[in-house]
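As a plain string of letters, each chain reads:
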Amino acid sequence: MTHDFSQWIDLAQAKLGGLPLHASDEFFAEKENLVLPGRGVFIPDKYTDRGKWMDGWESRRKRVPGHDWCVLRLGLPGEIHGFDVDTNHFLGNHPPHASVDAVLTDERLTVHSDFAKLPWQEILPKVPLERGSQNLYGSVEATGQRFSHVRLNIYPDGGVARFRVFGRAMPDWAKVRPGEVLDLAAVENGGVVEACNDMFFGPKDNLIMPGRGVNMGDGWETKRKRELPGSDWVIVRLGRAAKIQRLLVDTNNFKGNHPDRCKIEGRHEDDGDAWQTVVAETPLGGHKIHEYLREIQAHGPFTHLRLTIFPDGGIARLRAFGTVEG
């Protein structure tokens, strides 16, 4: 079965605050590598005083019964749709099998916590792993359940380069006050970038990340169009259906490659593919925040926004401030 998790966020990534807390063994390579960007690198002649340097988490060869494990705190609590247990560059030392457990807890876990006493729930049963590969598996608890921590189990030992936990952040909506204005596109409020037509230079998920873009690589950027006129687009699913009050399109760090113009449309999933104009086509400048208030033509409620840029270029962030409806 082929799994596509491109519409979901990696909740365990270090950029969101994902953190490996404790591992049963990390003799050859540190657990912190699991949540770093990329797939890991291999340097043939690099060694440490413990053996071959590896860009991943690697335990020693087990000579007793049992298996190794690593507990990770998700950067954002949320529902989990799937995993990538990436064994890139681990060829003769990858684990033959893995499983994943998860838990929701308000307890501030540390290296000294008694992890065995937590009410773990198995969300990926024991599955085979291929060496040097991205091993993609879907969660058995895909929707509606909120988790804050996961435990990656490997059988019996070995190395994993990266561990991705794909899903969607789930705030505690009970704590949101009626009428409170939130950025419903933000990843921390459950926003996800479901699709785009091009992200050659910059990933689509950057659009909804916290803060402003730190450099030109921290945004959504498309390739240059050679046949004009043209446009590129990206679709964001909001954390909850919302009435939009204010929109921001931030071209921070995009100075000579920002789009010339943009427009924003919205739709509610109950209305099928009926898009409404929210902000009509409007000029964009480089390296600045564009705020839209009076320009908003339709407020929704919407579950999705579509940002179209003309003809191409880079956008650092999209913010959609509104009130939760329903």
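Scope of this entry: the structure provided in the associated data block.

Criteria and thresholds
Residues numbered from 1 in each chain as written. Predicted model: local features only at pLDDT ≥ 70, side-chain atom pairs only at ≥ 80, totals over all residues. Heavy atoms only, no water. Helix = DSSP H or I, 4+ residues; strand = E, 2+ residues; numbered from the N terminus. Rg over C-alpha atoms; globule rule 2.2 N^0.38 Å. Contact = heavy atoms within 4.5 Å. Polar contact = N/O pair within 3.5 Å; in protein donor to acceptor, adjacent residues only side chain to side chain. Buried < 20%, exposed > 50% of the residue type's maximum accessible area, 1.4 Å probe, protein only. Pairing = 2+ DSSP bridges.

**A word on the overall build of the chain**
Alright, step 1. Helices and strands together make up the secondary structure of the chain, namely 0 helices and 22 strands.
Alright, step 2. Relative to a compact globule of 326 residues, whose C-alpha radius of gyration would be 20 Å, the chain shows 22 Å and is just as compact.
Alright, step 3. C-alpha extents for the chain along the principal axes are approximately 70 × 45 × 35 Å.
Alright, step 4. For the chain, long-range pairs separated by at least 24 residues make up 78% of all intrachain contacts whose partners lie at least 6 apart in sequence.

**With respect to the environment of Ser113**
Alright, step 1. The residue Ser113 is located in the loop between strand 7 (97-103) and strand 8 (121-128) in this model.
Alright, step 2. Residues Ser113 and Trp220 lie 107 residues apart in sequence; the distance between their C-alpha atoms is 39 Å.
Alright, step 3. Apart from the residues within four sequence positions on either side, Ser113 is in contact with Glu107 and Arg108.
Alright, step 4. At a separation of 2.8 Å, a polar atom in the side chain of Ser113 contacts the main-chain amide nitrogen of Thr110.

**Details of the environment of Met54**
Alright, step 1. Position of Met54 among the secondary structure elements: in the loop between strand 4 (51-52) and strand 5 (57-58).
Alright, step 2. Put simply, Met54 and Glu32 are 22 residues apart on the chain and 12 Å apart in space, counted from C-alpha to C-alpha.
Alright, step 3. Other than its neighbours up to four places away in sequence, Met54 contacts Ala29, Asn33, Phe42, His89, Phe90 and Asn93.

**Looking at the pairing of strand 16 (residues 232-250)**
Alright, step 1. In terms of burial, strand 16 is a largely internal element, 14 of the 19 residues being buried.
Alright, step 2. Note: strand 14 (residues 192-196) against strand 16, 4 bridges, orientation antiparallel. Residue pairing across strands places Val193 opposite Val236, the latter belonging to strand 16.
Alright, step 3. With 7 bridges joining them, strand 16 and strand 20 (residues 302-310) adopt antiparallel strand pairing. Bridge pairing links Val236 to Leu305 in strand 20.

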